[in-house]
Each structure stands twice: as C-alpha cells, then as structure tokens.
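# Analysis of the macromolecular model
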Amino acid sequence: APRRPAAPRVAKRSARGVEARYAESAAGRWGDDVVEVEAREAGKQWEPLAVDARKRTAFFATETPGAPVAFRCRAKNPRGVSAWSKLAEASSLQAPVQGGGAGPGYSWRQTTN
C-alpha cells in the first residue's frame, strides 16, 4: 500500500468555501499514486472532492459562510490505499453584508455610503 501523505494545506478561503492544496505523491514501483481528498463542515459527513491534479488542489463549497472546514487526503495505487492524512482545518470567510453584521465572537458596522 502507498505511504500516508502529508496533511493538505489551506490555499485560499472565501465566503463560498475553502481550497486546499495537497502534496504531490511520489511515484512508487507500482506507478503514480492517485490522491483522494475529502472535506466536511463541523458536525457533518465527509464528502469526496473533485481534485485539480495539475494544481494539486481541491475546493469545498460551504453551506454557511464562516463555517469551520476540515480536509484530509490519502494515496491510492494498484497495491491498495494509504491511511488518511492528518487533518487540515480552516473556516470559510464571513459573507459581506451591506450595513454590517454579527456572528459568534465578532460584530462590525459599515458607516460609509
């Protein structure tokens, strides 16, 4: 079976979601490993993500702006699958709101027209 990959890193965050970057998997004697990436919002089920193999990234669209997201990845080849990597965690950004907004631990007010 392939070796367990390093934890993915958070590459970009927005109010729409979070993008993670994973390390390129080394080619073994059984050929190139394929990397699978999964993500979930806190308290929800893991979801497999489509990956951009050229950029080595995967994007997770959040249902709620500001939601905490966890990513994990594993390698797969003809000899089997690795263990899941350690988790990478981040939160999507808050959505901008005309006039201000509030949420757990923050509030802001827009005063410029």
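From a predicted model like this one, the values you see are computed outputs, not experimental measurements.

## Comments concerning the packing of aromatic side chains
Under the defined criterion, the tally for this structure stands at zero aromatic pairs. Against the face of W46 rests R72, its NZ or CZ located 4.1 Å from the ring centre. The ring of W84 has R72 lying over it, and the distance from NZ or CZ to the ring centre is 4.0 Å.

## What to know about the pairing of strand β7 (residues 68-77)
Along β7, seven of the ten residues are buried, which leaves the element largely enclosed by surrounding structure. The pairing of strand β3 (residues 34-41) with β7 spans eight bridges and is antiparallel. Each bridged residue has a counterpart across the sheet, and for E41 the counterpart in β7 is V69. In the sheet, β7 pairs with strand β9 (residues 88-91) via four bridges, with the strands oriented antiparallel. Opposite A70, over in β9, you have E89 as the bridge partner. Across two bridges, β7 lies against strand β8 (residues 80-81) in antiparallel orientation. Across the sheet, K76 pairs through a bridge with V81, a residue of β8.

## Some details on the pattern of salt bridges
By the definition in use, this model includes four salt bridges. Note that K76 is salt-bridged to E36, the shortest N-O span being 3.2 Å. Of this pair, K76 sits in strand β7 while E36 sits in strand β3, and the two are 40 residues apart along the sequence. The exposure class of E36 is partly exposed, given its relative accessible area of 23%. The structure contains a network of salt bridges with shared partners spanning E36, R74 and K76.

## What to know about the environment of R13
Mapped onto the elements of the fold, R13 is located in strand β1 (residues 9-13). Classification of R13 by relative accessible area gives partly exposed; the value is 43%. In the structure, R13 is positioned 78 residues away from S91 in sequence and 7.5 Å away in space, judged by C-alpha atoms. What R13 contacts, discounting residues up to four positions off in sequence, is V18, A90, S91 and L93. Among the polar contacts made by the side chain of R13, one reaches the main-chain carbonyl oxygen of S91 at a distance of 2.8 Å.

The rules we used
- Residues numbered from 1 in each chain as written.
- Predicted model: local features only at pLDDT ≥ 70, side-chain atom pairs only at ≥ 80, totals over all residues.
- Heavy atoms only, no water.
- Phe/Tyr/Trp six-rings, centres within 6.5 Å; stacked < 30°, edge-to-face > 60°.
- Lys NZ or Arg CZ within 6 Å of the ring centre and 35° of its normal.
- Buried < 20%, exposed > 50% of the residue type's maximum accessible area, 1.4 Å probe, protein only.
- Helix = DSSP H or I, 4+ residues; strand = E, 2+ residues; numbered from the N terminus.
- Pairing = 2+ DSSP bridges.
- Salt bridge = Lys/Arg side-chain N within 4 Å of Asp/Glu carboxyl O.
- Contact = heavy atoms within 4.5 Å.
- Polar contact = N/O pair within 3.5 Å; in protein donor to acceptor, adjacent residues only side chain to side chain.

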